[in-house]
Amino acid sequence: MNDDSIAHAEAILRADCGERLRSEFPLAPLTSFRIGGPAALYLEPESADDLNAAGKAIRETAIPFVVLGKGSNVLVSDDGFHGLVLRLGRAYRWAARDGERLTAGGAMPLPALAGVAFTHGLGGLEFGVAIPASVGGAVRMNAGAHGREMAHVLESIDVFELLPGAPRRIEATEVALSYRGSELPRDAVVVGARMSLVAADRVTIRARMDEAREWRRRTQPLAEPNCGSVFKNPPADSAARLIEESGGKEVSVGGALVSAKHANFIVAGTGATATDVLELIQAVRERVLAHSGVLLEPEVHLVGDLDLAIR
Ligand SMILES: Cc1cc2nc3c(=O)[nH]c(=O)nc-3n(C[C@H](O)[C@H](O)[C@H](O)COP(=O)(O)OP(=O)(O)OC[C@H]3O[C@@H](n4cnc5c(N)ncnc54)[C@H](O)[C@@H]3O)c2cc1C
């Protein structure tokens, strides 16, 4: 992407969003890995008008763009992202109840939403209480745990499609939610979601939430920067098991190491770079392929100039 296109996009966005548009904005603090470089352009949209301005800039300049949620499933390149990063602002952090349904904005944290469901005596979202997602990221990834996932509760999704520059409501059944993925259009920013829950006893909901939190504390390296599961589990198998069997738990590259607590987690230790993490992902992948013939598919999304092609 050439600098003229970035400058042109910046001028378009500056006219509509003023100083809220940031340039060379650090992304590392916005990710759970806490590594990676800056975004050439960064905006926290607070309205459809902001999203419209972003769409216009993207259409007119063809700059690359990416939507960031809580940043808990991304690895940002050390060189950052040479395009526009959008991260929904506070206006999209809300939740409302309507009978046994909850609606929420795309920036609402999933654990907080699980708390809202608990307050209203609504069951079905307990699985999300310890997943560090935003509603938008959880929808796109079909986040899940303990045998439950967003697909089980999601009714419809409100998106703003950047390329046409228009809002649209999509039924959950239309986006092919699958294991840690969906077929949401790439330019669709999830601005809200509607979930169908069931009335339940609060004591039971609380017990399920406590159990989910406790399981995580026991099994995951929560004190160190990571991105959750690095690889998807292959059908009827476990990525962590395959990694352990290949001896992957002993591997490290620079400051990045495979977690001693959970083999499918990579933790960014002191001085780790995104390049370290990427090379470690590659090394683990090659190890498992050589050992068991399985090519693990990454769950983590790469942002910026990062490539995981098998050479
Ligand atoms: C400690 C830890 C534990 C985890 N445990 C689990 C788990 O149990 N189950 C699980 O499923 N995941 C887990 N994860 C991974 C992660 O939390 C999920 O993938 C989550 O859904 C990512 O949401 P996010 O808001 O952080 O999205 P991001 O990581 O910011 O983005 C992920 C993807 O979603 C897209 N996206 C984000 N927001 C939007 C939006 N508003 N509109 C459109 N697209 C958007 C991004 O472009 C990107 O492609 C864990 C991560 C960590 C760090």
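Here the structure is a predicted model, which means the values were calculated and not measured. (Residues numbered from 1 in each chain as written. Predicted model: local features only at pLDDT ≥ 70, side-chain atom pairs only at ≥ 80, totals over all residues.)

Engineer: I'd like a rundown of the nonpolar core, residues and numbers included.
Structural biologist: If you look at the biggest cluster of nonpolar residues, it comprises 100 residues, and the most contacted ones within it are L41, A54, L75, L84, L113, V189 and V277. Here this core takes 7 residues from helix α7 (residues 274–292), the largest share from any one element. Once residues lying within four places of it in the same chain are set aside, the contact partners of V277 are F33, L75, A256, I266, A268 and A272. (Core = buried A, V, L, I, M, F, W, Y, C linked by C-beta atoms within 7 Å. Buried ≥ 20, exposed ≤ 12 C-beta atoms within 10 Å, placed from the backbone. Helix = DSSP H or I, 4+ residues; strand = E, 2+ residues; numbered from the N terminus. Contact = placed C-beta atoms within 7 Å.)

Engineer: Go over the sheet that holds strand β12 (residues 166–171), please, and point to the residues and values.
Structural biologist: Across a sheet, strands are paired by hydrogen bonds formed along the backbone, either parallel or antiparallel in direction. Here 5 strands make up an open sheet; going across it, the order is β6-β7-β13-β11-β12 and the pairing antiparallel. Since the sheet does not close on itself, it has two edges, and those belong to β6 (95–98) and β12, each with one partner. The average angle at which neighbouring strand axes cross in this sheet is 20 degrees, direction not considered. Across 6 bridges, strand β11 (residues 154–161) lies against β12 in antiparallel orientation. Its bridge partner being in β12, E161 is matched across the sheet by A166. Sheet contacts for helix α3 (residues 110–119): β6 and β7 (101–105); angle to β7, the most-contacted strand, approximately 150 degrees. (Pairing = 2+ DSSP bridges. Axes fitted to C-alpha atoms, helices over the stretch in contact; angles between N-to-C directions.)

Engineer: So what's going on with the domain arrangement of the protein chain? Which residues, and what values?
Structural biologist: Partitioning the protein chain into structural domains gives domain 1 (3–87), domain 2 (93–218) and domain 3 (222–303). Each of domain 1 and domain 2 has a C-alpha centre, and these two points are 25 Å apart. The interface of domain 1 with domain 2 comprises 16 residues on the first partner and 13 residues on the second. Only α2 (48–61) and β3 (65–67) provide two or more residues apiece to the side of domain 1 that touches domain 2. If you tally residues by element for the side of domain 1 that touches domain 2, the top one is α2, at 8 residues. In terms of residue class, the side of domain 1 that touches domain 2 is built from 7 nonpolar, 6 polar and 3 charged. (Domains from an automatic or database assignment. Nonpolar A, V, L, I, M, F, W, Y, C, P; charged D, E, K, R; others polar.)

Engineer: Let's hear about the site of the ligand: which residues, and what values?
Structural biologist: Close contacts around the ligand come from 33 residues, with G69, A133, G136, G137 and G228 the closest. Counting only elements with at least two residues in the shell around the ligand, the list comes to β3, α4 (135–141), β9 (144–145) and β13 (188–196). The biggest single contributor to the shell around the ligand is α4, with 5 residues. Broken down by class, the residue content of the shell around the ligand amounts to 16 nonpolar, 14 polar and 3 charged. (Near = placed C-beta within 6 Å.)

Engineer: Describe the environment of D187, with residues and values.
Structural biologist: Note that D187 resides in the loop between β12 and β13. The partly exposed category is assigned to D187, around which 17 C-beta atoms lie within 10 Å. It is 9.5 Å that separates the C-alpha atoms of D187 and G165, two residues lying 22 residues apart in sequence.

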